[in-house]
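Structural overview
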2 protein chains.
Amino acid sequence: MEIAQLLERAQSVKTHALTLTAAQKNEILCEMADTLLENAQRIMTANEQDMQKAKSQISETMLDRLMLNLSRIEGMAQGLRALTLLEDPIGQELSHVQRPNGLVIRRVRVPMGVVAVIYESRPNVTSDAAGLCLKSGNVCVLRGGREALATNREIVKALHAALERTGHPCELVQLVEDTGREGAAALMQARGKVDLLIPRGGKGLIQACVEQAKVPCIETGTGICHIYVDEAADLSMALEIVDNAKTSRPSVCNAAEVCLVHASCAEAFLPMLKERMELKRTELRLCPRAAKIIEGTTAGPQDFDTEFLDYVLAVKVVEDLPEALAHIRSHSTGHSEAIVTSNEQTAQRFMDGVDSAAVYVNASTRFTDGGEFGLGCEMGISTQKLGARGPMGLCELTSYQYRILGSGQVR
Amino acid sequence: MEIAQLLERAQSVKTHALTLTAAQKNEILCEMADTLLENAQRIMTANEQDMQKAKSQISETMLDRLMLNLSRIEGMAQGLRALTLLEDPIGQELSHVQRPNGLVIRRVRVPMGVVAVIYESRPNVTSDAAGLCLKSGNVCVLRGGREALATNREIVKALHAALERTGHPCELVQLVEDTGREGAAALMQARGKVDLLIPRGGKGLIQACVEQAKVPCIETGTGICHIYVDEAADLSMALEIVDNAKTSRPSVCNAAEVCLVHASCAEAFLPMLKERMELKRTELRLCPRAAKIIEGTTAGPQDFDTEFLDYVLAVKVVEDLPEALAHIRSHSTGHSEAIVTSNEQTAQRFMDGVDSAAVYVNASTRFTDGGEFGLGCEMGISTQKLGARGPMGLCELTSYQYRILGSGQVR
């Protein structure tokens, strides 16, 4: 189907999605979990075909992301069931005033409308995104990676079976078959037809959206996260935090890429850091000052602007807090930053001076996550300030509408 | 000054703006009101120069928008003082949770950062926008119309005098001297330097922003607003509401441009409407069905997609509520729509089916306004769903940041 036609269909069921009750949405979600499991064998067969085709073209890591087995499909079903436990955000009254002229002005939470999601190889995103959009009253249009097309088709077929069984239109969840650049570009340009575009993927995809998108768009996921070890830091706490933020899962966006160290504790801290990072087989890329204190690779010009997503940590010694803040302002992607300090005033100055979605005092950046924040789920981490910021749960997929009740008022 | 340099300066005082206390902001606002009045004569002299230059080039209406006299300058000063009475939105805690691991996660309201405003001839916007940005903790970069440049320079000089007297950096409020297209384009493209762009102006400006902007942008102000007179409407109430929405101030964005009438009351309502609109010297542009009932100009193909901003009203007879909703969905700009009905279920279906910032039951669309909504002030009316929607007061110029306090937590 042409994307324009598919978006028209999506637009046509917006009111249906908005007016679904919480009970109806939960019924659909449970049914979707069931139909995913009932169709697990077909999904896995399609996934095997995708894997065969992709084998010669993509890396081991990418292949692992693409792969589905029964346990992963069970996880997807479980994810859908978990959404039924969350509160329905739609219809919530955000404010309510009665004006002197008698007008009652209510600000009511409404869905964004048609949410398009562009993502890469992981097919579990297909059911996750569909479930999140459904529960938040949105219609979704999903455009997964080319290498996962057969798998995604079977997943969406299973989701459609659930919509049919519960008597709701299949247009609530649609898959874009055009997995080429044109498909993505058509979504980015579909003004008035896509109410929100969420690109989930690497730097290239996000950049393409920034350059080309004419529809409202939320940038997600690029994280050059910093840990600043202050002069008033508990150095053993700092070591655990840097270690965790760097090495517990280097491939994710909330992992740290850069450690800034106050000059007054650099001589004490850097040898500790070097020892621990050797244990964790993590390479250090050092600024000239750090290189005078410990051994390691000298940092190149790009090392403080790279999301390594790997066992690599850039290290820089700074003279003071203002230098740390200036460095972060120039190099951060606005995701998550942390300070380790026991000085409350310094912590406050750090929070005021850092313009990122999440800012931590004495904790690892790895906590920037919908589940860890108590949102129960997550569509991604927004690194922008317009609209949702930080982890995007159900509320972050909504807007609001003023609903004004009068009795003939004129102005 | 080059725009890049000006934006660097603006960025450099973001933390200063964010950390201003409410008392400091109010002191600056009062001082700005004083310096505007102290410099009224210089501002009026500059305004006369602007008026002389513009006289041969722009219309009477535009000239009136450009004109400042003492009473208008007093109004600007009063606008700044009025802001001191509003609550400071910055630092408000929007949520606060303590997680089982002991992390305290606070969602705190923060400014957007550097807000750029592109506007047209009215010079009062210069002080209004500066005041709104200051009170909401933002740094502002103002780019007014070419024809108001001398006036705007004097206004900004007066505002700077107030910043100097109170000991704050003048970079908090800056004027872009390049009033050509390049100046606007440079702001639209300044990724990472403009945190929010607000175009205030006509369709051409908004369209240019949609096409060119690479910075976060809020579309404001285009309003093709509809009034739907339902079969269950009190027709005399409907007449007053349509009359008010159309004729009380046709040049503003919340004025109605289109009246939809249910077929079952068209024969009764349209003659009433024709009589009243003749009294108000308002031209009707009629769909074929309406033209069978009353006399008037036949509507052309563009008449249901035009923001007339004038004494012109397009009229269409619809068979039922779904046809009214379908028409609104195809032709609305997402600003404000109203239904006149005494049927509560119909009213609910109308609100659920209309995807606009404000939706009215039995009241005029003219109430979509920051003052009327009780926000105390307004930067414009957002017609988009990402970020602020509807009237933009102080809170609508803010974002939020997660501030997480730990004691060494790792994941």
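Here is what the cut-offs are and how they apply
- Residues numbered from 1 in each chain as written.
- Chains lettered and ligands numbered in written order.
- Predicted model: local features only at pLDDT ≥ 70, side-chain atom pairs only at ≥ 80, totals over all residues.
- Heavy atoms only, no water.
- UniProt positions renumbered as here; feature names shortened; annotations may be inferred.
- Phe/Tyr/Trp six-rings, centres within 6.5 Å; stacked < 30°, edge-to-face > 60°.
- Helix = DSSP H or I, 4+ residues; strand = E, 2+ residues; numbered from the N terminus.
- Buried < 20%, exposed > 50% of the residue type's maximum accessible area, 1.4 Å probe, protein only.
- Lys NZ or Arg CZ within 6 Å of the ring centre and 35° of its normal.
- Contact = heavy atoms within 4.5 Å.
- Buried area = accessible area lost by both parts, 1.4 Å probe.
- Pairing = 2+ DSSP bridges.
- Salt bridge = Lys/Arg side-chain N within 4 Å of Asp/Glu carboxyl O.
- Least-squares fit on C-alpha atoms with pLDDT ≥ 70 in both.
- Right-handed = clockwise from strand over helix to strand, strands pointing away.

The name an unreviewed UniProt entry assigns to chain A is Gamma-glutamyl phosphate reductase, from the organism Candidatus Ruthenibacterium merdavium. Entered under Sequence similarities (unreviewed entry) in the UniProt record, the comment concerning chain A runs "Belongs to the gamma-glutamyl phosphate reductase family." For the record of chain A, the UniProt heading Subcellular location (unreviewed entry) holds the text "Cytoplasm".

1. Overview of the packing of aromatic side chains
On inspection of all chains with the given rule, the structure shows six aromatic pairs over all chains. Ring centres of Tyr-228 of chain B and Phe-350 of chain B lie 6.2 Å apart, and the angle between their planes is 20 degrees; on these two criteria the pair is classed as stacked. Remark: Phe-350 of chain B occurs in helix H15 (residues 344-353) and Tyr-228 of chain B occurs in strand S7 (residues 225-229); sequence separation between them is 122 residues. Residue class for Phe-350 of chain B comes out buried when judged on its relative accessible area of 0%. Aromatic pair Tyr-400 of chain B and Tyr-402 of chain B: ring centres 5.9 Å apart, planes at 90 degrees, arrangement edge-to-face. Accessibility classification places Tyr-400 of chain B together with Tyr-402 of chain B in one group, the buried group. Put simply, the rings of Phe-373 of chain A together with Tyr-400 and Tyr-402 of chain B touch in pairs and so form one group of aromatic residues. Sitting over the ring of Tyr-400 of chain A, Arg-107 of chain A keeps its end group 4.6 Å from the ring centre.

2. Side note on the interface of chain B and chain A
Opposite the 74 residues of chain B that make contact, chain A presents 74 residues. Here chain B and chain A share an interface that buries about 5900 Å² over both sides, 51% of which is from carbon and sulfur atoms. Area buried by chain B at its contact with chain A is led by Leu-386, Tyr-402 and Arg-411 of chain B, which between them contribute 15% of it. For the side of chain B that touches chain A, the secondary-structure elements that each account for two or more residues are helix H2 (14-18), strand S2 (104-111), helix H10 (203-212), helix H11 (235-247), H15, strand S13 (358-363), strand S15 (390-391) and strand S16 (398-409) of chain B.

3. Observations concerning the sheet that holds strand S13 (residues 358-363) of chain A
On the basis of which strands lie adjacent, the open sheet formed by ten strands has the order S10(A)-S9(A)-S11(A)-S8(A)-S7(A)-S12(A)-S13(A)-S16(B)-S2(B)-S1(B) and mixed pairing. Either end of the sheet is taken by a strand with one partner, and the two such strands are strand S10 (297-298) of chain A together with strand S1 (93-98) of chain B. Judged from the four bridges that link them, strand S12 (residues 336-340) of chain A and S13 of chain A form a sheet pairing that is parallel. Within the sheet, the bridge partner assigned to Glu-337 of chain A lies in S13 of chain A and is Val-359 of chain A.

4. Section: the UniProt feature "domain: Aldehyde dehydrogenase" (unreviewed entry) in chain A
If you check UniProt for "domain: Aldehyde dehydrogenase" (unreviewed entry), the listed places come out as residues 3-278 of chain A in our numbering. Overall, residues 3-278 of chain A shows 53% helix and 16% strand. The separation of its end C-alpha atoms is 51 Å.

5. Focus on the pattern of salt bridges
All names here are of chain A. Taken as a whole, this structure holds 59 salt bridges over all chains when the rule is applied. Note that Asp-195 is salt-bridged to Lys-14, the shortest N-O span being 3.1 Å. Here Lys-14 lies in helix H2 (residues 14-18) and Asp-195 lies in the loop between helix H9 (181-189) and strand S6 (196-199), a separation of 181 residues in the sequence. Neither Asp-195 nor Lys-14 differs from the other in exposure class; each is buried. In this structure, Asp-355 engages Arg-389 in a salt bridge whose closest nitrogen and oxygen atoms are separated by 3.1 Å.

6. Topic: the relation of the copies chain B and chain A
The pair of chain copies shares a relation made of a rotation about an axis and a shift along it. When chain B is brought onto chain A, the operation consists of a screw motion whose angular component is 180 degrees and whose axial shift is 0.0 Å, with 0.0 Å RMSD remaining. Such a combination of rotation and displacement between the chain copies is what one expects of a two-fold axis. Among all C-alpha atoms of chain B, that of Gly-387 of chain B lies closest to the rotation axis, at 2.0 Å. The fraction of interface residues of chain B whose copies in chain A are also interface residues reaches 100%, indicating that both copies meet through the same surface.

7. Some thoughts on the pairing of S13 of chain A
Among the six residues in S13 of chain A, six count as buried, and that is most of the element. Handedness of the β-α-β unit built from S12 of chain A, helix H15 (residues 344-353) of chain A and S13 of chain A comes out right-handed. Sheet topology note: the S13 of chain A/S16 of chain B ladder contains five bridges and is parallel. The residue bridging Val-361 of chain A from the neighbouring strand is Leu-405 of chain B, located in S16 of chain B.

8. A look at the sheet that holds strand S9 (residues 283-286) of chain B
The pairing of strands in a sheet happens through backbone hydrogen bonds and is either parallel or antiparallel. Spatial ordering of the open sheet is given by S1(A)-S2(A)-S16(A)-S13(B)-S12(B)-S7(B)-S8(B)-S11(B)-S9(B)-S10(B), a layout of ten strands whose pairing is mixed. Whereas interior strands pair on both sides, the edge strands pair on one side only; in this sheet they are strand S1 (93-98) of chain A together with strand S10 (297-298) of chain B. With five bridges connecting them, strand S8 (residues 256-262) of chain B and strand S11 (residues 312-318) of chain B associate as parallel partners. Its bridge partner lying in S11 of chain B, Leu-260 of chain B is registered against Lys-316 of chain B.

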